[in-house]
Amino acid sequence: MSLWDKKLNKDVLFSLKENKNVDILIIGGGIAGLTALYYLKDKKNVFLVDAGIIGDGVTKNTTGKLTYLQNTIYTDLVHHVNKDTAQKYLKSQKIAIDLAKSIIEKEKINCHLEKVDSYVFTTKPKEIKKLKEERDFLLSQNIKVSENALPINLPAIYSISVEDTYVFHPILYTNHLKDLLKEKIFENTKIIKLKKEKDKYICFGEKIKIIASKVIVACHYPFFFLPFCLPIKSHIEKSYILTRKVEKNPKISAITVSNPGMSIRYYEDESGIYEICLACSHKTSIHQKDTKNFKTVQKIFNIKEDDIIDAWSNVDIITGDKLPFIGNINKKLYIATGFNTWGMTNGILAGYLLSRKVLEEPAPFEDLFSLKRNNFYQIKNFFPNIINSAISLISSKKREKDWYKSHLIFTKKNGKSIAIYTDKEGVKYTVFTTCPHMGCSLIFNELEETWDCPCHSSRYTKDGECIKGPSTKDIKYKE
Ligand SMILES: Cc1cc2nc3c(=O)[nH]c(=O)nc-3n(C[C@H](O)[C@H](O)[C@H](O)COP(=O)(O)OP(=O)(O)OC[C@H]3O[C@@H](n4cnc5c(N)ncnc54)[C@H](O)[C@@H]3O)c2cc1C
């Protein structure tokens, strides 16, 4: 459970029980979808559906930084795409922070928005040059950049920092918007299929259908493959987070460009000051044990076992050129995805941009985030992404034989792979072990007792209920 999860509003809103005709349907109530709904709140026939509860997806497991200093993204974009793209991306992130601030101020959302300095640091001499390039790019864009030493006890040898960035409590933000917009939200309403019929989209739920003139897909990973083909345009990255209480809030957030990756921020409320430490980011296709990675985070940040308050992991979608996809799939079908672990700024920005697009108002950054962009940086990663998907697929099949022999029995029924898991109480759970989304073999996550897809991040409970997309189907096995 994440630090934010404790405050998640679990009072479930109504689910949709009958067919409905709407002008605009938003699928997914994370930071992106909910912010889109916020900007469309004055329009009459606009609704949002979420498969679960608002905020209870990737958003509740973020670290909640609102910053435009994102590793060395600008240097990467200058080198691999062009300077214009880097400039536009910087502008977009600054606008995103302004949008976040103005929503929070206007709606008086008490989500502990705090102005902090953002640092990027390195622990290796050979990376100093790249950080200096990032500094120079920012300076050339009239951003004030400091080279002060990182003011916390991490092995940084060089760092740069900027001033006008923030941290917040993402779930207090989503809770507030959920409350404000509850008349327009249906929870526990999963969309499993989209079909275009004439000029409308038919969105099929498990028992109902919604006919929509326009649809915004904001469900993190889209549940359909065509026509967008996200699996070949991205991979999944997973990271591990621990929190402990500390005496002082240094009012900074920091991230390293070095290996092992580290990121840190602080959160303060009436119960104390929390240090939020993240490390061990890896592609999910290269399976790693959660228990081992949490131990590594502990070691990197020197956290004693007894001091750990919260421990959680999270996944996000990494695109080839590190830019999100925000725009049209088809004429009246829109998507926001691929936030590259910067979905607080990009999710809020996506909500704003897509709300403008559906209303046919001018929306900036069309080319920057276009689904059709074809820069070489993006295309050159298609091949590794395909290889990566193949590795996930092949290694997940192999893993069945090697992993968790003591707790799991893998077998076949009617030619289909199943697994029987026996939990601590001796209760047995039988599930299919092939992900219904695209056929990858699922990995059992012993820490959280879930079945996780290493290819596209779908997740299932131990008894087979789908709790995270892109899959829309359960894997329950019945005799
Ligand atoms: C370790 C880690 C740390 C991060 N830290 C930061 C940070 O400090 N700053 C930052 O900017 N970003 C950060 N991010 C990134 C950020 O958390 C995500 O990009 C962002 O939360 C994604 O939001 P979302 O709205 O796209 O997805 P979600 O929050 O997952 O929302 C999607 C919603 O759609 C619903 N849904 C899914 N499928 C369906 C369906 N078929 N029908 C109906 N509903 C559906 C889900 O239930 C869910 O509620 C981090 C990411 C990671 C992995």
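Residues numbered from 1 in each chain as written. Predicted model: local features only at pLDDT ≥ 70, side-chain atom pairs only at ≥ 80, totals over all residues. Heavy atoms only, no water.

Caption draft 1: Structural view of the overall build of the chain. Within the chain, the regular secondary structure consists of 11 helices and 23 strands. For 479 residues, the compact-globule formula gives about 23 Å, and the C-alpha radius of gyration of the chain, at 22 Å, lands near that figure. C-alpha atoms of the chain, sized along the principal axes, occupy 65 × 55 × 50 Å. When the 479 residues of the chain are sorted by exposure, 57% land in the buried category. Here the chain displays about 21100 Å² of accessible surface, and carbon together with sulfur accounts for 52% of that area. Mean positive and mean negative side-chain charge positions of the chain (74 and 56 charges, respectively) differ by 5 Å. (Helix = DSSP H or I, 4+ residues; strand = E, 2+ residues; numbered from the N terminus. Rg over C-alpha atoms; globule rule 2.2 N^0.38 Å. Buried < 20%, exposed > 50% of the residue type's maximum accessible area, 1.4 Å probe, protein only. Areas by Shrake-Rupley, 256 points an atom, 1.4 Å probe, with all protein chains shown as cover. Lys, Arg positive; Asp, Glu negative; His and termini not counted. Charge placed at Lys NZ, Arg CZ, Asp CG, Glu CD.)

Caption draft 2: Structural detail: the site of the ligand. Surveying the vicinity of the ligand reveals 36 residues, the closest of which are Asp50, Thr59, Thr63, Asp316 and Met344. The side chain of aspartate 50 places a nitrogen or oxygen atom 2.6 Å from an oxygen atom of the ligand. Contact distances for the ligand include 2.8 Å between a nitrogen atom and a backbone N or O atom of lysine 65. Coverage of the ligand by the protein chains reaches 95% of its 1000 Å² of free accessible surface. Elements with a contribution of two residues or more to the shell around the ligand: α1 (31-39), β10 (234-246), β14 (310-319) and α8 (343-358). Of the residues in the shell around the ligand, the class split is 16 nonpolar, 16 polar and 4 charged. A domain-level breakdown of the shell around the ligand finds at least three residues from each of domain 1 (5-56 + 172-231 + 322-379) and domain 2 (65-83 + 109-169 + 235-319). (Near = heavy atom within 4 Å. Polar contact = N/O pair within 3.5 Å; in protein donor to acceptor, adjacent residues only side chain to side chain. Nonpolar A, V, L, I, M, F, W, Y, C, P; charged D, E, K, R; others polar. Domains from an automatic or database assignment.)

Caption draft 3: A look at the domain arrangement of the chain. As far as domains go, the chain holds domain 1 (5-56 + 172-231 + 322-379), domain 2 (65-83 + 109-169 + 235-319) and domain 3 (399-468). Computed from C-alpha coordinates alone, the two centres of domain 1 and domain 3 are separated by 29 Å. Listed by partner, the interface residues are 5 residues for domain 1 and 6 residues for domain 3. At the boundary of domain 1 with domain 3, total buried surface from both sides reaches about 440 Å², with 61% on carbon and sulfur atoms. Considering only the surface of domain 1 that becomes buried against domain 3, Lys190, Tyr221 and Pro231 emerge as the three largest contributors, covering 62% of it. Between domain 1 and domain 3 we count 0 salt bridges in total. Put simply, domain 1 and domain 3 have 1 residue pair in polar contact (both at pLDDT 80 or more) between them. Within the side of domain 1 that touches domain 3, the residues separate by chemical class into 3 nonpolar, 1 polar and 1 charged. (Contact = heavy atoms within 4.5 Å. Buried area = accessible area lost by both parts, 1.4 Å probe. Salt bridge = Lys/Arg side-chain N within 4 Å of Asp/Glu carboxyl O.)

Caption draft 4: Spotlight on a nonpolar patch on the surface. Taken together, Phe225, Leu226 and Met438 make up a surface patch of nonpolar side chains, about 280 Å² in accessible area. Among the secondary structure elements, phenylalanine 225 is positioned in the loop between β9 (209-217) and α6 (230-233). (Patch = residues over 30% accessible without salt bridge, like charges linked within 9 Å, V, L, I, M, F, W, Y side chains within 5 Å.)

Caption draft 5: Seen up close, the nonpolar core. In this structure, Tyr74, Tyr89, Leu138, Tyr173 and Ile216 are the most contacted members of the largest nonpolar core, which totals 67 residues. The element contributing the most residues to this core is helix α3 (residues 83-106), with 9 residues. Leave out the neighbours within four places in its chain, and tyrosine 74 touches Tyr68, Ala86, Tyr89, Leu90, Gln93, Glu134, Phe137 and Leu138. (Core = buried A, V, L, I, M, F, W, Y, C linked by side-chain atoms within 4.5 Å.)

Caption draft 6: Fine view of the state of the cysteines. Under the defined criterion, the tally for this structure stands at 1 disulfide. There is a disulfide in this structure between cysteine 440 and cysteine 455, and the S-S distance comes to 2.0 Å. Taking the sign of the torsion about the S-S bond as the criterion, the disulfide between cysteine 440 and cysteine 455, at about -110°, is left-handed. On the criterion of sequence distance, the pair formed by cysteine 440 in the loop between β19 (428-432) and β20 (443-445) and cysteine 455 in the loop between β21 (450-452) and β22 (459-461) is long-range, its members being 15 residues apart. Cysteine 455 shares its class with cysteine 440; the two are buried. In this structure cysteine 280 is a free cysteine whose sulfur lies 12 Å from that of cysteine 277, the closest cysteine sulfur available. The exposure class of cysteine 280 is buried, given its relative accessible area of 12%. Free of any disulfide, cysteine 435 has its nearest neighbouring cysteine sulfur in cysteine 453, separated by 4.2 Å. (Disulfide = S-S within 2.5 Å.)

Caption draft 7: Representation of α3 within the structure. Under the 1.5 Å per step criterion, the end-to-end length of α3 is 34 Å for 24 residues, consistent within 8% with the ideal 34 Å. Where α3 begins, one side-chain oxygen reaches toward the backbone nitrogen of aspartate 84, 3.3 Å away; that side chain belongs to asparagine 82. A positive backbone phi angle near 50° is found at lysine 108, which sits one or two residues after α3. (Expected span 1.5 Å × (residues − 1).)

Caption draft 8: How the structure looks around the sheet that holds strand β13 (residues 272-283). Overall, mixed pairing links the 8 strands, which are arranged β3-β5-β4-β11-β12-β13-β10-β14 in an open sheet. Strands at the two margins of the open sheet, each flanked by one partner only, are β3 (65-66) and β14. In this fold α3 packs onto β3 and β5 (158-167), with an angle of close to 35° to the strand it touches most, β5. Lying over the sheet, helix α4 (residues 128-140) contacts β4 (114-122) and β5, oriented at roughly 45° with respect to β5. (Pairing = 2+ DSSP bridges. Axes fitted to C-alpha atoms, helices over the stretch in contact; angles between N-to-C directions.)

Caption draft 9: Structural context of unusual backbone geometry. Of the consecutive residues asparagine 259 and proline 260, the connecting peptide bond is found in the cis state with omega at 0°. Following the sequence through the fold, proline 260 ends up in the loop between β11 (252-256) and β12 (262-269). Residue proline 470 is bonded to the preceding glycine 469 through a cis peptide linkage, with omega at 15°. Considering the arrangement of structural elements, one finds proline 470 in the segment after β23 (466-468). A positive phi angle is found at lysine 198, which is not glycine, with a value near 55°. Within the secondary structure layout, lysine 198 lies in the loop between β7 (193-197) and β8 (200-204). With a phi close to 55°, lysine 251 is a non-glycine residue in the positive phi region. When you line up the elements, lysine 251 lands in the loop between β10 and β11.

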